[in-house]
Amino acid sequence: REAAPLSEAEREFGLTFQPLANEFGFTRYVYAARTATGRGLFFEYLPADEDPEDWRYLGTVILTRVGDTWEDGDRVLPDYVAAFLSRMDRVNEAVTWQLPGGPVGFVDYELGQGEDREHVLATIWQVFPGHLAVFQAQRRPDRFSEWQIGHFRDIAQGLGRTPRSGSDSSPAP
């Protein structure tokens, strides 16, 4: 069964992550879709000079609902990180930090070989009650520098829950 098309509100929701994408030079929000399961949303971001069909540097966000409460998300996040890791060819580092804003996962991994090789840095955190986000910076075919990996880790450690009250605490459309 084919997933329902995205609503305008769902497409625009990708702009929510633009400030985070900007931290890594992904200044253009270029694509939005449902995930393969149809239950989540998927967004792509590129630097100004990258071609969507032949990129070397790409940012993605996957937003998935795993429950209804902060507690649901906190409980599911470690298993979600483990499932994420189980699909990887080569994991260089994986850690889940218990931070004041809730648990945050960090994964440094690689996919493919040769010119098809991708080095990926990912962080997984809860953005709304019961909603997990995965932000990935992908580079091909070269690895990220140690400085870039450290920069990504620093930003990942600053992520956490959105405020629990006010308009920013409602789930994604």
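A brief report on the enclosed structure follows. (Residues numbered from 1 in each chain as written. Predicted model: local features only at pLDDT ≥ 70, side-chain atom pairs only at ≥ 80, totals over all residues. Heavy atoms only, no water.)

## Section: the overall build of the chain
Selection criterion: Starting at the N terminus, helices and strands are each numbered in turn, a helix being any DSSP run of H or I of at least four residues and a strand any DSSP run of E of at least two. Based on C-alpha atoms, the radius of gyration is set beside the globule rule, defined as 2.2 Å times the residue count to the power 0.38. To sort residues, take the accessible area from a 1.4 Å probe on protein chains only and compare it with the maximum for the residue type: under 20% means buried, over 50% means exposed, and anything in between is partly exposed. Shrake-Rupley sampling with a 1.4 Å probe provides the accessible areas, and residues are treated as covered by the protein chains on show and by no other component. Under the convention used here, Asp and Glu are negative, Lys and Arg are positive, and both His and the chain ends fall outside the count. One atom stands in for each charge, and that atom is NZ of Lys, CZ of Arg, CG of Asp or CD of Glu.
Each helix and strand in the chain was counted, giving four helices and seven strands. Sequence-ordered secondary structure for the chain, helices as α and strands as β, is α-α-β-β-β-α-β-β-β-β-α. Relative to the 2.2 N^0.38 estimate, which gives 16 Å for 173 residues, the radius of gyration of the chain is 16 Å and therefore close to what a compact globule would have. The C-alpha extent of the chain, read off along each of the three principal axes, is 45 × 35 × 30 Å. Out of the 173 residues belonging to the chain, those deemed buried represent 44%. Roughly 9000 Å² of accessible area belongs to the chain as shown, and the carbon and sulfur atoms make up 49% of that amount. Across the chain, 17 positive and 27 negative side-chain charges occur, with their mean positions spaced 4 Å apart.

## Focus: helix H3 (residues 70–86)
As a reminder of what qualifies: Here the expected length of a helix is defined as 1.5 Å per residue gap, with one fewer gap than residues. By definition in these notes, contact holds between two residues if any of their heavy atoms fall within 4.5 Å.
Taking 1.5 Å of rise per residue, the 17 residues of H3 would be expected to cover 24 Å, and the 25 Å separating its terminal C-alpha atoms lies within 8% of that figure. Of the positions making up H3, those classed as buried are Trp-70, Asp-72, Gly-73, Leu-77, Val-81 and Phe-84. Next to the buried residues of H3 lie strand S4 (90–99), strand S5 (102–111), strand S6 (118–128) and strand S7 (131–139).

## Details of the nonpolar core
Applied cut-off: Note on terminology: a nonpolar core comprises buried Ala, Val, Leu, Ile, Met, Phe, Trp, Tyr and Cys residues joined through side-chain atoms within 4.5 Å.
Phe-17, Phe-24, Phe-26, Phe-43, Trp-125 and Phe-135 are the most contacted members of the largest nonpolar core, which totals 30 residues. Contributions of two or more residues to this core are made by helix H2 (18–22), strand S2 (40–46), strand S3 (57–65), S5, S6, S7 and helix H4 (146–157). Setting aside chain neighbours within four positions, we find Phe-17 in contact with Phe-43, Tyr-45, Val-61, Leu-63, Trp-125, Val-127 and Ala-133. Met-88, Val-107, Tyr-109 and Ala-122 belong to the second-largest nonpolar core, a separate cluster that totals twelve residues.

## What to know about the packing of aromatic side chains
Between two aromatic rings, the relevant description is the distance of the centres plus the angle of the planes. Basically, it comes down to this: The criterion for an aromatic pair is that two Phe, Tyr or Trp rings (for Trp, the six-membered ring) have centres within 6.5 Å, with stacked assigned to planes under 30 degrees apart, edge-to-face to planes over 60 apart and tilted to the rest. Lysine NZ or arginine CZ positioned within 6 Å of the ring centre and within 35 degrees of the ring normal marks a charge as sitting over the ring.
The full count for this structure, using the stated rule, is 15 aromatic pairs. Between the aromatic rings of Phe-106 and Phe-152, the centroid separation amounts to 6.0 Å while the plane-to-plane angle is 45 degrees, which identifies the pairing as tilted. Within this pair, whereas Phe-106 is found in strand S5, its partner Phe-152 is found in helix H4, the two being separated by 46 residues in sequence. Residue classification places Phe-106 among the buried positions, given a relative accessible area of 0%. By way of ring pairs, the aromatic residues Phe-24, Phe-26, Tyr-57, Trp-97, Phe-106, Phe-135, Phe-144 and Phe-152 are connected into one cluster. Against the face of Trp-55 rests Arg-140, its NZ or CZ located 3.7 Å from the ring centre. Between the NZ or CZ atom of Arg-153 and the centre of the ring of Phe-106, over which it lies, the distance is 5.1 Å.

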